[in-house]
Amino acid sequence: MINFFDEDCTEETAASLFGLCDEESGRPAYIDTKNQDTWIAEVINKEKKTVEFVAVDNCIEVLEENGDMAKRCDGLLVYEQNLVFVELKRIRKNWVKDGIEQLKTTIAHFKANNDDGADFSRKRAFLTNSKYPQFKYSHKQEMQSFFNETGFRLSIVNKINV
């Protein structure tokens, strides 16, 4: 059983604006409220809700059936009845395809270990890339396919509204 809510991998904030950061050092992704230059995704929390961020990649062990480490998304945001999976990218090549696969894999493992996510009324996933804060074309087909497969709404943007 995979504990996606491991306290050692969780931090929380009620800041009205914060960023999600991921370094290439092998350190888990984390919340930052001060240094916007390091943010890959910006989280806007106008109502200052208490938001938990759970670092998944480099913190929670998610194994495939063959025992290999699964490709995991960077983390998830949890607040009220909301569950938001987040993949943070800083690359230019194949990032949409790769990010979507990481999100799908993580969501499948989450659903298998958490009663299909039934405790959450709103389920979303965000794929962000600091190199592409604004996107030139739509990914409607990928987003619809993602929803059909996972039951989660996918957004490919750099700003996450809580």
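Residues numbered from 1 in each chain as written. Predicted model: local features only at pLDDT ≥ 70, side-chain atom pairs only at ≥ 80, totals over all residues. Heavy atoms only, no water.

## Regarding the sheet that holds strand β1 (residues 10-13)
And step 1. Within the open sheet, the six strands sit side by side as β1-β5-β6-β7-β8-β9. Their pairing is mixed. Two strands close off the open sheet at either side, each with one partner strand: β1 and β9 (153-155). When strand polarity is set aside, the average angle formed by the axes of neighbouring strands in this sheet is 20°.
And step 2. Pairing geometry for β1 and strand β5 (residues 51-55), over four bridges, is antiparallel. In the sheet register, T10 faces β5, and the bridge partner there is V54.
And step 3. Docked against the sheet, helix α1 (residues 95-113) engages β7 (82-89), β8 (122-129) and β9, running at close to 145° with respect to β7. (Pairing = 2+ DSSP bridges. Helix = DSSP H or I, 4+ residues; strand = E, 2+ residues; numbered from the N terminus. Axes fitted to C-alpha atoms, helices over the stretch in contact; angles between N-to-C directions. Contact = heavy atoms within 4.5 Å.)

## Concerning the pairing of β7
And step 1. Among the eight residues that make up β7, eight are buried, leaving the element largely enclosed by the rest of the structure.
And step 2. Of the two faces of β7, both are covered, the one formed by N82, V84, V86 and L88 as well as the one formed by L83, F85, E87 and K89.
And step 3. When strand β6 (residues 75-79) meets β7, the two strands line up antiparallel, connected through five bridges. Bridge pairing links L76 to F85 in β7.
And step 4. From the end of β6 to the start of β7, which pair antiparallel, there are two residues, and E80 there has a positive phi angle of about 45°. (Buried < 20%, exposed > 50% of the residue type's maximum accessible area, 1.4 Å probe, protein only.)

## Structural notes on the side chain of N158
And step 1. Looking at the element boundaries, N158 is found in the loop between β9 and β10 (159-161).
And step 2. On the basis of relative accessible area, N158 is assigned to the buried category, the value being 10%.
And step 3. Looking at N158, its side chain comes within polar contact range of the main-chain oxygen of I40, at 3.1 Å.
And step 4. Within polar-contact distance, the side chain of N158 engages the backbone oxygen of N129 at 3.0 Å. (Polar contact = N/O pair within 3.5 Å; in protein donor to acceptor, adjacent residues only side chain to side chain.)

## Description of the state of the cysteines
And step 1. Scanning the entire structure with this criterion turns up one disulfide.
And step 2. With its sulfur 2.0 Å from that of its partner, C9 forms a disulfide with C59. Because the sign of the S-S torsion sets the handedness, a value of about -90° for the bond joining C9 and C59 places this disulfide among the left-handed ones. Of this pair, C9 sits in the segment before β1 while C59 sits in the loop between β5 and β6; the two residues are 50 residues apart in sequence, bridging distant segments of the chain. (Disulfide = S-S within 2.5 Å.)

## Observations regarding the sheet that holds β10
And step 1. Reading across the sheet, the four strands line up as β3-β2-β4-β10 and stay open at both edges, with mixed pairing between neighbours. If you trace the sheet from one side to the other, it starts and ends with β3 (30-32) and β10, each paired once. Neighbour-to-neighbour, the strand axes of this sheet turn through a mean angle of 30°, independent of strand direction.
And step 2. Sheet analysis places strand β2 (residues 17-21) next to strand β4 (residues 41-44), joined by four bridges and oriented antiparallel. Counterpart to F18 in the pairing with β4 is V43.

Any functional reading would require information that these geometric values do not contain.
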